[in-house]
Each structure stands twice: as structure tokens, then as C-alpha cells.
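Here is what each chain is made of, one letter per residue.
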Amino acid sequence: ATAIAAQKEKDRIAWLDYSIAKGDWSTALSYAVSMEEEKKVKDAEEAAAEAARQEWMKYYAEQGDYKSAMALAVEEKDAVYIEECKDKARVAKINEYKEKGKYAMAKKYATAAEAAAIDSEVETKAEANRKEWIDYYTKVSDYDQAKALCISGEEEEALDQAFDQKRRDYLQQQLEKGKYAVAKQYAISEDEMTMIDQYEEAQTENSRKEWLQHYIDTHDFANAAAYVVSDEELEALKAAKEAYLEHCRVTWRDYYTSVGDYDGAVKYVVSNDELTNLEGKFEAMRKEHFNHYLEQRNYKGAASMAVTNEEVAQIRAARAAP
């Protein structure tokens, strides 16, 4: 009986705690058997009610339902919390409208100090935007649009300098492309016109000299002559032509000599010294061939090379030798 009674008591306490945890206050009170347990139930009920009040108050405040939130406020800190939520929501609205560029709407939610800061921000952005457009119109060479955005003499002067630099840069580009007529359209002074003429003359002269040298290097002396403009160049052209012809003569002379063609080689001889030297080379070649045939017992070949009685005797002696 004692064990049964103890189990019942244990079950009662368990149901009491369960009912409290579930918020079933009437059931919980039905399991209370002492003033302490009844107080425990009442305290738990009050704590749960307070937690629910704070939870709902915060929910209404965060949702912007400040009237409902204030209706649940019972302490000064509750009112402070609600005011903080209102201020956060107000600042969030300001930022939302600022991001959309709706500064007038943002100012409706702003304090005097915040409104002044918004005005300053608007001015800063407008100024930055103005300068960006000046830079853009300068880049695309729209002088009128860029100048319309200038607000000071200093800016107009800087703009004029920037456009003049663009003009000079473009003029130089046309010069480098050889478009001298186009370059002159962008010249605004006699000095610039003179500079263009000098540049054109220099480039024309350089081109002439390059073509002259090209035709000399490729041995096209007829075309090279068309680019000669001075006695010095004419003499240099003649010297180059003579040097080339002399080179060709010597090359062919040496070629015919190397292949043993005396008749071909002698056509390119122009002096007695060269003729003597050529005959000496061919005589040495003849003797070399004579000796070679003789050593090989090619007497017919040796006889074709023999020109003296001594050489004929050498052939006979060689034939008679065992």
C-alpha cells in the first residue's frame, strides 16, 4: 500500500509539471495539493503571460503596429524599445528612398540634421555627376555640351586646353598617316601650317631616298635614276652601277674559269694583266690534267693535254716502260 501511494504521488507531481509546461493552468491547479504548489502554478502562469506580452509587444513594434505595441507596454523600457523600433524603421525608409534617388521622400522621414545631410549628399552627387558628364563630352569631342556644364572660368579654361590638346593630338596622328590635307584642316596658326609643310617635305624626301636606295640595292638602276636629284647622287648611282657590273663580270669570269671554259672566261677579261693571270691558271690546269692522265696510264687523255715536245716524249717513255 505504501509503494502504491508513493507511485501515485510521483504520478501526480509529473502531471502537475506537465500541465504547467503545457500552460494548462486549470488542470495544473487540480493536481496542486498545497499552497506552495498552487503558488508555483500561479507564478508559472504569470511568467508565461509576461513572456507572451513581451513577445507580442516586440512583434507589433517590429511590424510597425506601434499602437498595438504600446497597448502592451507596461514599463518604461517597453516604451523605449518601441521608440527604438520606430526610429530603425524611419532610418530604413530614409535609406530605401535614398537608394532609389528619391531624396524628397527621404527627407519626409528625416530629422533636421538628417535632412541637411541628405541635401549635402545630393549636392555632392550632383557635382560628381556634372564632372563625369564634362569628362564624357570631352572624350566624345562634344565641346558645346561640355562647356554648357562648366560653372567657372577655370573650368572653361581647362576645357579649352583639353580640347586643344585633342586637336593637336589628332593633327599629329594625321601627319603620321601622311594625311597632310586633313592635318591642315586642324591647324589654327601659321606656325602649325609651316610645321605641316616641313613635315610633309621631310617625309617626301625620306621616301625619295628610301626608294632610291631600294632600287640601287635591287640593281634596278633605271628606276633608281628617276629618284636622283643631285650631282652627288648621280655620281653615287653611277659608281654603284659600275661596281655591280664589275662584280657580275668578275663573277662570270671566275665561273667559266672554275668549269675550265677558257673561251667563256676570256670574254670577261678586260686587261693584259687579267689575261696573263687567266692563261697562267689554265696552263696550270692543263698541266695538272696532263700529269693526272699520265699517272693513270690514260695516254690518249694525256696526249690531248700535251703541247710540248717534252710532254710528247714523256708519253712515249711512259708507254715503253714495263
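Relevant structure appears above.
Below or above, wherever it landed, is the structure these notes cover. (Residues numbered from 1 in each chain as written. Predicted model: local features only at pLDDT ≥ 70, side-chain atom pairs only at ≥ 80, totals over all residues. Heavy atoms only, no water.)

Let's talk about the overall build of the protein chain
Rules: Put simply, DSSP H or I for four residues or longer makes a helix, DSSP E for two residues or longer makes a strand, and each gets a number counted from the N terminus. Based on C-alpha atoms, the radius of gyration is set beside the globule rule, defined as 2.2 Å times the residue count to the power 0.38. Exposure is judged per residue with a 1.4 Å probe applied to protein chains only, and the accessible area is read against the type maximum: over 50% gives exposed, under 20% gives buried, and values in between give partly exposed.
A count of helices and strands for the protein chain gives 17 helices and zero strands. Computed over its C-alpha atoms, the radius of gyration of the protein chain comes to 58 Å, more than 25% above the 20 Å expected for a compact globule of 322 residues. With respect to the three principal axes, the spread of C-alpha positions in the protein chain is 165 × 85 × 20 Å. For the protein chain, with 322 residues in total, the buried portion stands at 22%.

A look at the environment of E295
Its location among the elements puts E295 in helix α15 (residues 272-295). A residue is classified by how much of its surface remains accessible, and E295, at 64% relative accessible area, is exposed. Sequence separation between E295 and A318 is 23 residues; the distance between their C-alpha atoms is 9.0 Å.

Overview of a negative patch on the surface
Using the following cut-off: Excluding any residue in a salt bridge, patches collect residues exceeding 30% relative accessible area, merging like charges within 9 Å and nonpolar Val, Leu, Ile, Met, Phe, Trp and Tyr side chains within 5 Å. Only the protein chains shown count as cover for residues, and all accessible areas are computed by the Shrake-Rupley method using a 1.4 Å probe. The term salt bridge refers to a pairing of a side-chain nitrogen on Lys or Arg with a carboxyl oxygen on Asp or Glu at a separation within 4 Å. Working convention for charge: Lys and Arg count positive, Asp and Glu count negative, and His plus the chain ends are omitted. To locate a charge, take NZ of a lysine, CZ of an arginine, CG of an aspartate or CD of a glutamate.
A grouping of E154, E156, E157 and D160 is seen on the molecular surface, where their side chains present a negatively charged patch. Looking at the secondary structure, you find E154 in helix α9 (residues 153-176).

Considerations on the pattern of salt bridges
Applying the stated rule across the entire model yields 31 salt bridges. Here K86 makes a salt bridge to E83, at a shortest N to O gap of 3.6 Å. Highlighted residues: K86 and E83, both in helix α5 (residues 76-99), separated by three residues, approximately one helical turn. The class for K86 is partly exposed, based on a relative accessible area of 33%. K125 serves as the salt-bridge partner of E121, at 3.4 Å between the closest nitrogen and oxygen. Here E121 and its partner K125 are both found in helix α7 (residues 112-139), four residues apart, which amounts to about one turn of the helix.

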